Amino acid sequence: MPELTSPTTDLHKSWLDARDDWGRGVHQDGAGLRDFDDVDSPEGFARFVQRLHDEDNPDIEPEPGRVNTTYWWITDGDTVLGGISLRRELNDFLLEQGGNIGYGVRPSARGRGLAGWALREVLGKARDLGLTRALVTCHVTNDASRRVIERAGGVFEDIRDGRLGPTRRYWFTL
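Just so it is clear, the model here is predicted, and its values are computed rather than measured. (Residues numbered from 1 in each chain as written. Predicted model: local features only at pLDDT ≥ 70, side-chain atom pairs only at ≥ 80, totals over all residues. Heavy atoms only, no water.)

**Q** Can you help me understand the side chain of Thr-137 in this one?
**A** By secondary structure assignment, the location of Thr-137 is in strand β5 (residues 133-139). Thr-137 gets classed as buried once you look at its relative accessible area, which sits at 13%. Separated by 2.5 Å, the side chain of Thr-137 and the backbone oxygen of Gln-97 make a polar contact. Those residues in contact with Thr-137 that lie beyond four places of it in its chain are Gln-97, Gly-98, Gly-99, Ile-149, Thr-167, Arg-168 and Arg-169. (Helix = DSSP H or I, 4+ residues; strand = E, 2+ residues; numbered from the N terminus. Buried < 20%, exposed > 50% of the residue type's maximum accessible area, 1.4 Å probe, protein only. Polar contact = N/O pair within 3.5 Å; in protein donor to acceptor, adjacent residues only side chain to side chain. Contact = heavy atoms within 4.5 Å.)

**Q** What is the right way to read the pattern of salt bridges from this model?
**A** Close approach of charged atoms allows side chains with opposite charge to pair. What the rule picks out here adds up to 20 salt bridges. When the shortest N-O distance is used, the salt bridge between Arg-19 and Asp-20 registers 2.7 Å. Owing to a relative accessible area of 38%, Asp-20 belongs among the partly exposed residues under this scheme. A salt bridge links Arg-88 to Asp-56; its shortest N-O distance comes to 2.3 Å. One end of the pair, Arg-88, is in the loop between β3 (79-87) and α3 (92-98); the other, Asp-56, is in helix α2 (residues 42-56), with 32 residues separating them in the sequence. (Salt bridge = Lys/Arg side-chain N within 4 Å of Asp/Glu carboxyl O.)

Shape is all these values report; function is a separate question.
Structure follows, in structure tokens:
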């Protein structure tokens, strides 16, 4: 049974297995992983997990160009299957291409409905936080994500081109 799990150092090995499933250096939507993160060592992974929690803390000013974000790992027991994030506000970039919610499921766990389940769960969390609308986006070539968003009730607005390439934009009324 899948769960949304707050990032924790207890899942270091499983998180690394998921990262390796994606491939080292591959972008993982919803994970919060950045190029400078050292996730291989226990100490570096602890710093990564702490940064994710800090980005969620409204008392900590986000870095320039970033917004407060809550991260969850999609887990089944102690197995990390993916990640999903909720950005509580939209800056110019997020409004054009990034959206409020980003998610990704490791390649070996795809096709089981996990992305749709996680998206619906986080839409509920967004509503509980007081958001009245949420933007979810995907690259125009990502048909799997397009289907997930549409099945969850996303209303297509348009396609915008930017630094991530052409991006489909969908709105959810919460």
